[in-house]
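# Structural overview for review
Each chain is listed here by its residues.
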Protein chains: 2
Amino acid sequence: MSKRASSYVSQQRLWDRHESLARIGATAAGGVNRQALSQEDIAACRQLIEWGKSFGLQPSRDEVGNIFLRLAGRDALAAPVISGSHLDSQPTGGKYDGAYGVLTALEACQSIVESGIQPQRPIDVVAWMNEEGSRFAPGMMGAAVFAGARGLADIETVRDQQGVSVGDALSNAKQALIDIPQRDLGGPVFGYVEAHIEQGPLLERLQKTVGVVSGIQGKRTFVVNIEGEASHAGTSLRSERKDALLAAVRMIQALTARMHDEQDIVKFTIGRLNVTPNAPSVVPSSVRFSIDLRHPDSAVLTALGDAIAGICAAHAAPCKVRVEELSCAMSLEFPQAMRQRIRDAADTLGISQMEILSAAGHDARYLHPLCPSAMLFIPCHEGITHNESESITAADAADGARVLTEVLVSLAGS
Amino acid sequence: MSKRASSYVSQQRLWDRHESLARIGATAAGGVNRQALSQEDIAACRQLIEWGKSFGLQPSRDEVGNIFLRLAGRDALAAPVISGSHLDSQPTGGKYDGAYGVLTALEACQSIVESGIQPQRPIDVVAWMNEEGSRFAPGMMGAAVFAGARGLADIETVRDQQGVSVGDALSNAKQALIDIPQRDLGGPVFGYVEAHIEQGPLLERLQKTVGVVSGIQGKRTFVVNIEGEASHAGTSLRSERKDALLAAVRMIQALTARMHDEQDIVKFTIGRLNVTPNAPSVVPSSVRFSIDLRHPDSAVLTALGDAIAGICAAHAAPCKVRVEELSCAMSLEFPQAMRQRIRDAADTLGISQMEILSAAGHDARYLHPLCPSAMLFIPCHEGITHNESESITAADAADGARVLTEVLVSLAGS
């Protein structure tokens with residue numbers, strides 16, 4: 001009997017690639033700043049393509065900037081199995097969020113090649129465009145457009161804080177990767193499996209190596225726009241001011257109070273707040289802030305999200321406020337059959353596993369309606385993520401890659 | 001008997017120069033964005049120099065970027081009289097804040113020249129560098145360094161939000177004005193008079209054309225630095241977060257409550273607030289915000305300002321906070337003899353006047369310890385300032401220029 005494909009997983013190679021990739025957009029504090037469609041993000045895609053070509057994978061890209069590397073199947077026309085995640089990061093992100101899922105899918109394909117197995121179906125390694133949504137909001141743009149949940153025209157007009165549109169950034173990325181053939185958006189896709197770091201502390205605390213993800217908690221995102229009036233800090237009377245920042249402070253206090261739950265399940269975050277004109281001696285004329293709200297119970301998520309506009313309006317005077325909802329995604333559950341494949345692979349390899357809910361959103365959210373999808377997590381030290389000090393172990397990374405390899409072989413057919 | 005110098009003041013010329021200057025850095029909403037040492041600010045200085053040269057004034061500049069235009073006196077060695085204000089603006093500033101004082105001093109000198117008077121002492125029109133402090137904080141840098149209150153080395157390291165230092169911006173401005181001879185910093189100065197728009201509503205409400213400024217209310221400025229910890233908006237528990245923005249919100253609420261006075265005399269403003277990393281799905285790791293605090297009573301100003309650090313510290317947990325005081329200027333009173341000169345000139349010309357306290361800070365604050373100083377105000381529509389819709393009337397502008405002309409003639413000696 002020949003050796004399993006997963007026995008060809010190289011812990012060292014997988015780890016070295018993480019280190020190598022993290023040098024692209026490296027920050028002084030040991031993290032990465034590789035925002036979507038930036039020069040750094042494009043350079044990371046180029047590096048991924050070179051690695052894939054080195055052992056025979058065929059690169060392609062689609063109109064929305066997703067990058068694919070195909071391991072040919074015996075049946076070239078069969079719907080592929082897709083596995084991957086994203087290479088873009090937060091402005092002060094870590095080395096593993098997203099990168100782990102892409103590099104692990106790459107490692108799985110290399111192990112399958114080295115094992116001599118040619119799977120029945122093609123296997124595509126994917127790097128989805130703009131999962132993080134920090135440069136262009138909201139995130140998961142590449143996966144959403146690929147799966148048909150959003151239209152290309154719909155996202156092209158989104159602009160970053162410097163005024164650059166997604167459309168222009170995509171043209172730029174296309175030029176930089178002009179040698180890579182273009183493929184169509186969308187399915188059919190036979191199955192999708194995404195590996196990712198947990199971004200929470202549970203696996204580490206419970207000493208389990210692999211998390212079989214049961215589903216993803218729901219998320220709604222908003223932007224709150226407050227209009228006040230600029231005036232002189234030294235002369236304008238408090239009673240006559242229309243201070244947009246003080247209105248924002250009142251709203252944030254009231255929102256924080258409303259979102260407070262003793263059980264600490266609600267995730268409510270104001271991550272971005274911009275003041276205009278943002279000068280020390282001018283009363284702020286306008287403020288714009290983001291809201292990120294998540295809850296595993298869709299009914300609670302709906303009720304809390306629906307309360308936001310009213311709370312903001314109640315605390316706006318004498319300013320005006322407009323609340324915009326950017327995205328709304330209810331909680332989802334991955335199919336049992338797909339979760340079972342991950343459990344089986346882990347059990348066969350003697351790697352500990354447990355079921356876990358994903359508190360964070362992932363590209364798999366958008367693949368879920370398109371094809372049977374699943375996710376597997378590995379531990380993330382102290383649950384610290386979206387932070388330059390994000391950390392994992394090389395041994396956990398390799399174990400996750402071994403499980404993923406067996407899941408992909410089982411889906412693609414050996 | 002020859003005509004008074006003030007009879008040569010041209011309302012049209014003064015108004016046209018305001019309109020012309022306002023085209024440099026003009027904003028779509030009818031204001032100006034001409035921040036200190038920007039290309040626009042330098043272009044405005046160049047325009048000023050050309051106007052001064054057109055009727056024989058001699059331009060010079062000093063090491064800190066202040067621009068002077070000298071009307072020669074009969075005694076070339078006598079200490080000069082200086083009059084002016086600043087040409088830099090807030091990011092969304094008006095056409096008259098600062099510009100009025102410079103253009104009015106220029107108009108006064110041109111009127112004196114046209115009247116055939118050569119004064120005993122030289123008269124210098126001045127445009128002080130960076131009064132506003134919006135690009136480089138704190139403001140009034142040019143006047144402070146000229147008068148010896150701050151050292152050049154002290155301000156050169158201050159950086160704007162793009163990381164450009166005052167030192168580099170000064171070198172750039174010097175290159176752009178390399179044809180203009182350099183003069184020494186500092187005195188002796190025989191007297192300083194600054195004309196300015198009121199930036200408050202009193203003169204308009206009481207229907208007085210000229211305000212004889214009794215003094216300037218005290219001002220303290222601070223920067224509050226909050227250090228928290230970045231984490232993932234979807235996964236990190238509320239109870240374990242170190243959210244720097246929520247800490248800032250608690251501090252601002254507590255500070256606002258402490259600064260509240262029924263009489264509405266305290267001026268407390270948070271005009272700038274920056275969040276890091278400022279991404280929608282990352283819990284803010286740090287926040288930095290400005291405080292501008294003013295009060296005409298130095299004892300109250302001291303007590304309120306001294307309370308700030310303690311209030312911030314009390315609301316910081318679980319984040320850390322550091323409060324830095326950037327500037328501290330107690331209330332000041334201009335000498336009676338100087339104020340009397342303005343009153344006399346207005347009375348002689350039949351222009352209505354009243355005494356008024358300056359709620360806003362001005363360059364005159366720094367000239368006050370160097371030489372006998374004074375200020376005169378003209379009405380500012382509805383007191384709206386540091387705002388693109390700032391407005392004055394051409395008639396008030398000309399009346400202010402007439403009063404200033406007679407004050408300068410009386411100081412410089414006819």
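Keep in mind that this is a model prediction, so the values were computed, not measured. Per-chain numbering applies: the sequence of each chain, read as written, is numbered from 1 onward. The order in which chains are written sets their letters, starting at A; the order in which ligands are written sets their numbers, starting at 1. In keeping with the model being predicted, local features are shown solely for residues with a pLDDT of at least 70 and side-chain atom pairs are shown and tallied solely at 80 or more, while totals for entire chains, interfaces and linings include all residues. With hydrogens and water stripped out, all remaining heavy atoms of the structure feed into the side-chain values.

Scanning chain A from N- to C-terminus turns up 12 helices and 16 strands. A compact globule built from 414 residues should have a C-alpha radius of gyration of about 22 Å, and chain A, at 23 Å, falls within 12% of that. Dimensions of chain A along its principal axes, counting C-alpha atoms only, are 85 × 50 × 40 Å. In this scheme, a residue with accessible area under 20% of its type's maximum is buried, one over 50% is exposed, and one in between is partly exposed, where area comes from a 1.4 Å probe on protein chains only. Out of the 414 residues belonging to chain A, those deemed buried represent 63%. Within chain A, residue pairs in contact and separated by at least 24 positions form 80% of the contacts whose partners lie at least 6 positions apart. Exposure was quantified through the Shrake-Rupley algorithm and a 1.4 Å probe, taking into account, for residues, occlusion by the shown protein chains and nothing else. A total accessible area of about 14,600 Å² is found for chain A, and carbon and sulfur atoms account for 50% of it. Under the convention used here, Asp and Glu are negative, Lys and Arg are positive, and both His and the chain ends fall outside the count. By convention, the point assigned to a charge is CZ for Arg, NZ for Lys, CD for Glu and CG for Asp. Taking the average location of the 38 positive side-chain charges in chain A and that of its 47 negative ones, the two points are 2 Å from each other. In this text, helices come from DSSP runs of H or I with a minimum length of four residues, and strands from runs of E with a minimum of two, each type numbered from the N-terminal end. Here the radius of gyration uses the C-alpha set of atoms, whereas the globule reference equals 2.2 Å times the residue count to the power 0.38. Only heavy atoms enter the contact rule, under which two residues are in contact if any of them lie within 4.5 Å.

On to the relation of the copies chain A and chain B. When chain A is fitted to chain B, the best match, at an RMSD of 0.2 Å, comes from turning it 179 degrees and sliding it 0.1 Å along the axis. On the angle and the small slide along the axis, the relation comes out as a two-fold axis. Measuring from the rotation axis to each C-alpha of chain A, the shortest distance belongs to Val249 of chain A, at 2.7 Å. Residue by residue, 98% of the interface of chain A is reproduced at the interface of chain B, so both copies engage with the same surface. Our superposition of the copies is a least-squares fit, built on the C-alpha atoms of residues whose pLDDT is at least 70 in both.

Further remarks concern the domain arrangement of chain A. All names here are of chain A. By the assigned domains, chain A splits into domain 1 (5–217 + 333–412) and domain 2 (220–329). Throughout, the edges of the domains are those of an automatic or database domain assignment. Inter-centroid distance (C-alpha atoms) of domain 1 to domain 2 is 34 Å. Two parts placed together each lose some accessible area; with a 1.4 Å probe, that loss summed over both constitutes the buried area. Of the roughly 750 Å² buried at the junction of domain 1 and domain 2 (both faces included), carbon and sulfur atoms supply 50%. In terms of surface lost to domain 2, no three residues of domain 1 exceed Pro138, Gln161 and Gln217, which account for 57% of the buried area on that side. A side-chain nitrogen of Lys or Arg and a carboxyl oxygen of Asp or Glu constitute a salt bridge if their distance falls within 4 Å. If you look at where domain 1 meets domain 2, you find zero salt bridges. Residues that form the side of domain 1 that touches domain 2 fall into these classes: five nonpolar, four polar and one charged. Charged means Asp, Glu, Lys or Arg here, nonpolar means Ala, Val, Leu, Ile, Met, Phe, Trp, Tyr, Cys or Pro, and polar covers whatever is left, Gly included.

The rule is short: rings of Phe, Tyr and Trp, with Trp giving its six-membered ring, pair when the centres are within 6.5 Å, and they are stacked under 30 degrees, edge-to-face over 60, tilted in between. Evaluation of the coordinates by the stated rule reveals 10 aromatic pairs over all chains. Among the aromatic residues, those joined into a cluster by ring pairs are Phe68, Trp128, Phe146 and Tyr192 of chain A. Lying over the aromatic face of Tyr8 of chain B, Lys3 of chain B brings its terminal NZ or CZ to 5.0 Å of the ring centre. In this scheme, the term charge over a ring applies when either NZ of a lysine or CZ of an arginine sits within 6 Å of the ring centre and within 35 degrees of the ring normal.

Another aspect to go through is the side chain of Ser134 of chain B. With respect to the helices and strands, the residue Ser134 of chain B is situated in the loop between strand 4 (123–128) and helix 4 (141–146). Once residues within four sequence positions are removed from consideration, Ser134 of chain B is found in contact with Ala279 and Pro280 of chain A together with Gln35, Ser89, Gln90, Pro91 and Arg272 of chain B.

Right, let's get into the pattern of salt bridges. All names here are of chain A. Under the criterion given, the structure shown has 44 salt bridges over all chains. In this structure, Glu114 and Arg13 form a salt bridge, with 2.9 Å as the shortest nitrogen-oxygen distance. Pair noted here: Glu114 is in helix 3 (residues 99–115) and Arg13 is in helix 1 (residues 11–22), with a separation of 101 residues, a long-range link. Bridged by salt links that share partners, the residues Arg13, Arg17, Glu107 and Glu114 form one connected network.

On the secondary structure map, Lys219 of chain B appears in strand 7 (residues 218–227). With residues up to four places along the chain from it excluded, the contact list for Lys219 of chain B reads Asp292, Leu293, Arg294, Leu301, Ser327, Cys328 and Ala329 of chain B.

All right, on to the state of the cysteines then. All names here are of chain B. We call a pair of cysteine sulfur atoms a disulfide whenever their separation is within 2.5 Å. For the coordinates displayed, the defined rule picks out zero disulfides over all chains. With no disulfide of its own, Cys371 has Cys109 as its nearest cysteine by sulfur position, at a separation of 15 Å. Of the residues examined, Cys371 reaches a relative accessible area of 5% and is grouped as buried.

All names here are of chain B. For strand 4, a buried count of six out of six residues is recorded, marking the element as mostly surrounded by other parts of the structure. Of the two faces of strand 4, both are covered, the one formed by Ile123, Val125 and Ala127 as well as the one formed by Asp124, Val126 and Trp128. Between any two strands, at least two bridges found by DSSP are needed for them to pair. Note: strand 2 (residues 67–71) against strand 4, five bridges, orientation antiparallel. Bridge assignment links Ile67 to a residue of strand 4, and that residue is Ala127.

It is worth spelling out the interface of chain A and chain B at this point. Opposite the 59 residues of chain A that make contact, chain B presents 58 residues. Roughly 5,000 Å² of surface becomes buried between chain A and chain B when both sides are summed, with 52% attributable to carbon and sulfur atoms. Linking chain A to chain B there are six salt bridges. Among the salt bridges present, the one from Arg205 of chain A reaches Glu240 of chain B, with a minimum N-O distance of 3.6 Å. N or O atoms within 3.5 Å of each other form a polar contact, as long as, within protein, one can give a hydrogen and the other can take it, and as long as residues adjacent in sequence are counted only when both atoms are side-chain atoms. Run the count over chain A and chain B and you get 29 residue pairs in polar contact (both at pLDDT 80 or more). Looking at the side of chain A that touches chain B, the elements that each hand over two or more residues are strand 8 (231–232), helix 8 (244–259), strand 9 (267–269), strand 10 (273–276), strand 11 (282–283) and strand 12 (286–295) of chain A. In terms of residues, the side of chain A that touches chain B owes the most to one element, helix 8 of chain A, which gives seven residues. In the side of chain A that touches chain B, the residues fall into 20 nonpolar, 25 polar and 14 charged.

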